[in-house]
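The lines below spell out each chain.
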2 protein chains.
Amino acid sequence: MSINRLPTIKEIARKLNISTSTVSRALHDHPSIGWVTTMRVKQLAEELNYEPNFSAISFKQRKTFTIGVLLPNLSEAFFSTAISGIEEFASTKKYNVLIGQSLDDPEREVRILESMKNHRVDGMIVSVSKNTTSFEHFEQLQHYNIPIVFFDCIPERTDVHYSACNLQTGMLKAIETLVAKGITNIALINGPAHLNASKQRQQIYFKGLKMHNIPYDPQMMQTTDLSKEGNLAAMDKLFSLEHPPKAIITFNDYLALDAIVAAKARNMVINKDIYFISFANLPIWSYMNERPLASIEQFPHLQAEKATEILFSLMEAEPGIEVKKPCYQQVIFDSELILHSL
Amino acid sequence: MSINRLPTIKEIARKLNISTSTVSRALHDHPSIGWVTTMRVKQLAEELNYEPNFSAISFKQRKTFTIGVLLPNLSEAFFSTAISGIEEFASTKKYNVLIGQSLDDPEREVRILESMKNHRVDGMIVSVSKNTTSFEHFEQLQHYNIPIVFFDCIPERTDVHYSACNLQTGMLKAIETLVAKGITNIALINGPAHLNASKQRQQIYFKGLKMHNIPYDPQMMQTTDLSKEGNLAAMDKLFSLEHPPKAIITFNDYLALDAIVAAKARNMVINKDIYFISFANLPIWSYMNERPLASIEQFPHLQAEKATEILFSLMEAEPGIEVKKPCYQQVIFDSELILHSL
DNA sequence: TCAAATTACGCAAACGGTTGCCTTACTTTT
DNA sequence: AAAAGTAAGGCAACCGTTTGCGTAATTTGA
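Below is a short write-up of the structure. The structure presented is a predicted model; accordingly, all values stated were derived computationally and were not measured.

About the thresholds
- Within each chain, residues carry numbers counting from 1 in the order of the written sequence.
- Think of it this way: whatever chain is written first is A, whatever ligand is written first is 1, and the rest follow in order.
- Totals for whole chains, interfaces and linings use every residue, but because this is a predicted model, local features are given only for residues with pLDDT of at least 70 and side-chain atom pairs only at 80 or more, for both listing and counting.
- Side-chain numbers come from the whole structure's heavy atoms, not from hydrogens or water.
- Numbering of helices and strands runs from the N terminus, with a helix taken as a DSSP run of H or I at least four residues long and a strand as a DSSP run of E at least two residues long.
- The buried label goes to any residue with under 20% of its type's maximum accessible area, the exposed label to any with over 50%, and the partly exposed label to all in between, with areas taken from a 1.4 Å probe on protein chains only.
- Accessible surface area values rest on a Shrake-Rupley calculation with a 1.4 Å probe, where residue burial reflects the displayed protein chains alone.
- For this count, His and the chain ends are skipped, Lys and Arg are scored as positive, and Asp and Glu as negative.
- Here the site of a charge means atom NZ of a Lys, CZ of an Arg, CG of an Asp or CD of a Glu.
- Patch membership is restricted to residues that have no salt bridge and whose relative accessible area is over 30%. Joining uses 9 Å for like charges and 5 Å for the nonpolar side chains Val, Leu, Ile, Met, Phe, Trp and Tyr.
- Salt-bridge detection follows one rule: a side-chain nitrogen of Lys or Arg within 4 Å of a carboxyl oxygen of Asp or Glu.
- In what follows, residue pairs with any heavy atoms lying within 4.5 Å of each other are defined as contacts.
- What gets called buried area is simply the loss in accessible area from a 1.4 Å probe that two parts show on being joined, summed for both.
- Pairs of N or O atoms are called polar contacts if they sit within 3.5 Å, as long as, within protein, a hydrogen donor faces a hydrogen acceptor (for residues adjacent in sequence, only side-chain-to-side-chain pairs).
- The least-squares superposition of copies is restricted to C-alpha atoms, and to residues with a pLDDT of at least 70 in both copies.
- Residues are labelled near a given molecule or strand when at least one of their non-hydrogen atoms is within 4 Å of it.
- Residue type decides the class: Asp, Glu, Lys and Arg count as charged, Ala, Val, Leu, Ile, Met, Phe, Trp, Tyr, Cys and Pro as nonpolar, and the leftover types, Gly among them, as polar.
- DSSP bridges decide pairing: two strands pair if at least two such bridges lie between them.
- With strands facing away from the observer, any crossover in which the path from the first strand over the helix to the second runs clockwise is taken as right-handed.
- Axes here refer to lines fitted to C-alpha atoms; in helices the fit is confined to the stretch in contact. Angles between the N-to-C directions go from 0 to 180 degrees.

### Here we look at the overall build of chain A
Consideration 1: On a plain count of helices and strands, chain A comes out with twelve helices and twelve strands.
Consideration 2: In terms of principal-axis extent, the alpha carbons of chain A reach across some 90 × 45 × 35 Å.
Consideration 3: The buried share of chain A, taken over its 342 residues, is 49%.
Consideration 4: Carbon and sulfur atoms form 52% of the exposed surface of chain A, whose accessible area is close to 16800 Å².
Consideration 5: Distance between charge centres in chain A, computed from 34 positive and 37 negative side chains, equals 6 Å.

Take a look at the structure:
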């Protein structure tokens, strides 16, 4: 068993008695190389199963053909779906994907970003950690000319590129659906108040209530830190009310899982005594026999794919150092309400 | 906003009026560089926030510092847990992880392996696709001196490195547990017959029955292609028997999910009329109110971590071309039966 | 006191591929 | 027929780091 070396451009050149530059150009269909030579090179390359050495090109071009992805948690279905969208798009462009999880810890976020910079990623896709408040670490990357596209969890600024999801369409539709069933005491269990995502849900919640002339009762909106204990505590509060809710909109699916368990512990029948609406729409619902009435789908795959597309457009435009009026690409998808058949 | 360049060894050398080779050696604590110079270099490097250029090193060393991971399906919790184990270990060694999904398609497997080779991965961790029968494509990598460590789904050969899980401990314990509850008509819904994983389960099933003097009834062992339809068909067969089973061991968790749905469709009460034992132990069970009596935990994180450890030992030993008597590292963990509290 | 050993560092090539510029040999043009 | 243009391809530098070998300065040994 001999140990093979992968063929190089030099080998091809030697075997054909031409120079390496000719081989290189031939492989790139450079016009200054004759038809015959080009064909001979390509054929031999094919025979030898030649593949360009990534490291060499990356070195020479000062590009790593790698994009960094930084998101809160890979193990959440939402994000792994997103990764899959990113990976698909990137692989068509022959790019690699380097993944980092912030675990919603701002310090980890900073460290990972630093490490990505040192790995010389060509661009980044970021879903901001839930607890991040500062923006410097992102700004720093721009000094090194590394473009960033945010998705899903985006910073509250106008000078960034992003691809996100408009929760309003799905959430208003959810409230509308509940009202149509004659339900008006609708609660919201929201995430931590400082989150952009929480603020959005709250505003839409207000708007939805107003649209249907439902007065807002502050006790019907609870928040949780999204821990199991926090989730159960929020449920406790809602059910210790004089008029407990008939329907609950939950910040996300995981919260809904806990909430459903809590409701059952109170001997309530799901989708009869109590209705749930969740954000995200995990695939496991189809296996559960007690599930929310509906979920608000945010199309993580689509969002992430679009973010990747934007990133590539930025990376490809990069060389033009002409900093024309900075034009930020911002795409927003509409969320949709998906009813779970019962 | 000026555009920074990441500092290089050359810059450090220039600023200190020494040669790049000295800087390089100093950074590596080479003994031939004096204490003072070494310190001066290190300090300046620190100040400038110097990080070695990966591409350059990778190019020069003919190593990519990347390991390839090839597994059937990233979206299965079992494998994403495994990835996490691999990623953790690799990142401590400053290695990157390149992921490929075979989707249990042998052709994709071959293609991905080829692509990994061309990406010049330094080593591979592979969980073989369920439908793979040949071994050539793996052998080919060895010609290029790329070590492979298999995990979980391993080929039936002795001349490979692997980290796997011994199903016997958990599965025998499962049968023992059932028998202790007075249940003896225990069925097995197995995966495709040609799978190594299926053969193992079958053998242990036989062994377990024999240990408790339960006669083997061929009708109590069904197989499925693991599609939803196949799974339901297997359940149909079992329940059209004269003496349907009281307990069913399922090839994996996903099959168990379908099987539970099928049982409920027959108005059976789970863990009363019928008991299930599943392989894998998905985290979602804790949220489901109808779950198997127990699951056989195979410790994917641990398995994968160990596989990575073995891979690194191989990659580090690599240079010694002295092909001493090929010694294969093979680690087997015991599975455990995890009871689900009801 | 002079050869030998040691210390501390520099020189330059190499890794594989790309690219600006130059050269050679034809082919056109006038 | 001489000047100019074109087609096809070679030369060599470069990207950042590592490393074998060479060398100057200093120390050691006898």
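### Looking at a nonpolar patch on the surface
Consideration 1: The grouping of A:W35, A:V36 and A:M39 at the surface amounts to a nonpolar patch, some 360 Å² of accessible area in total.
Consideration 2: By relative accessible area, A:M39 is classed as partly exposed at 34%.

### Some remarks on the interface of chain B and chain A
Consideration 1: On the side of chain A, 40 residues touch chain B, which itself brings 40 residues to the contact.
Consideration 2: When residues of chain B are sorted by the area they lose upon contact with chain A, B:L6, B:R120 and B:Y287 head the list and together hold 19% of the total.
Consideration 3: Across the chain B-chain A interface, the total number found is zero salt bridges.
Consideration 4: Inspection of the chain B/chain A interface yields five residue pairs in polar contact (both at pLDDT 80 or more).
Consideration 5: Elements supplying a minimum of two residues to the side of chain B that touches chain A: α4 (54-61), β2 (96-101), α6 (106-118), α7 (136-143) and α11 (253-265) of chain B.
Consideration 6: Sort the elements by how many residues they give to the side of chain B that touches chain A and α4(B) lands first, with five residues.

### Points about the relation of the copies chain B and chain A
Consideration 1: Of the transformation placing chain B onto chain A, the axial shift is 0.0 Å and the rotation is 180 degrees, giving an RMSD of 0.3 Å. When the rotation and shift are considered jointly, the pair of chain copies conforms to a two-fold rotation axis. The C-alpha atom lying nearest the rotation axis in chain B is that of B:S55; the distance is 2.9 Å.
Consideration 2: A shared binding surface is used by both copies, with 100% of the interface residues of chain B retained as interface residues in chain A.

### Some thoughts on the pattern of salt bridges
Residues and elements named next belong to chain B.
Consideration 1: Throughout the structure, instances matching the rule amount to 22 salt bridges over all chains.
Consideration 2: Between D258 and K228 there is a salt bridge whose closest N-O contact spans 3.5 Å. Of the two residues, D258 is situated in helix α11 and K228 in helix α10 (residues 228-239); the sequence distance between them amounts to 30 residues.
Consideration 3: Relative accessible area serves as the criterion here: at 5%, D258 is assigned to the buried category.
Consideration 4: A relative accessible area of 44% means that K228 is categorised as partly exposed.
Consideration 5: Two residues, E290 and K264, come together in a salt bridge whose shortest N-O distance is 2.9 Å.

### As for the protein's contact with DNA strand C
Consideration 1: DNA strand C sits among 27 residues. The nearest are A:I9, A:Y50, B:T22, B:G34 and B:T37.
Consideration 2: The protein-proximal atoms of DNA strand C, defined as those within 4 Å of the protein, are 51% sugar or phosphate.
Consideration 3: Take B:S21: an N or O atom from its side chain is 3.0 Å from a base nitrogen of DNA strand C.
Consideration 4: Contributing elements (two or more residues each) for the surface near DNA strand C: α1 (9-16), α2 (20-27) and α4 (54-61) of chain A together with α2 (20-27) and α4 of chain B.
Consideration 5: Counted by class, the surface near DNA strand C contains eight nonpolar, 13 polar and six charged residues.

### Things to note about the environment of B:D217
Residues and elements named next belong to chain B.
Consideration 1: Residue position: D217 is located in the loop between α9 (196-211) and β7 (221-223).
Consideration 2: Judged by relative accessible area, D217 falls into the partly exposed class, the value being 31%.
Consideration 3: A polar contact is formed between the side chain of D217 and the backbone nitrogen of Q219, at a distance of 2.9 Å.

### A look at the pairing of strand β6 (residues 186-190) of chain A
Residues and elements named next belong to chain A.
Consideration 1: The element β6 is largely enclosed, with a buried count of five among its five residues.
Consideration 2: Residues of β6 alternate between two faces, with I186, L188 and N190 on one and A187 and I189 on the opposite face, all of them buried.
Consideration 3: Of the strand pairs in this sheet, β6 and strand β8 (residues 247-250) are connected by four bridges, and their pairing is parallel. Along β8, the bridge assignment pairs L188 with I249.
Consideration 4: The sheet contact formed by β6 and strand β7 (residues 221-223) spans three bridges and is parallel. Of the residues in β7, the one forming a bridge with I189 is Q222.
Consideration 5: Note that the unit made of β6, helix α9 (residues 196-211) and β7 has a crossover that is right-handed.

### Quick notes on the pairing of strand β10 (residues 294-297) of chain B
Successive side chains on a regular strand alternate, one facing one side of the sheet and the next facing the other.
Residue and element names in this part refer to chain B.
Consideration 1: Alternating residues of β10 divide into A294 and I296 and S295 and E297, and every residue in both groups is buried.
Consideration 2: Pairing between strand β9 (residues 275-280) and β10: four bridges, direction parallel. Its bridge partner being in β10, I277 is matched across the sheet by A294.
Consideration 3: Judged from the four bridges that link them, β10 and strand β12 (residues 336-339) form a sheet pairing that is antiparallel. Across the sheet, the residue bridging to S295 is I338, located in β12.

### Side note on the sheet that holds β6(A)
Residues and elements named next belong to chain A.
Consideration 1: Judged by pairing direction, the sheet is mixed, and its six strands sit side by side in the order β7-β6-β8-β9-β10-β12 without closing on themselves. Since the sheet does not close on itself, it has two edges, and those belong to β7 and β12 (336-339), each with one partner. When the angles between neighbouring strand axes are averaged without regard to direction, this sheet yields 20 degrees.

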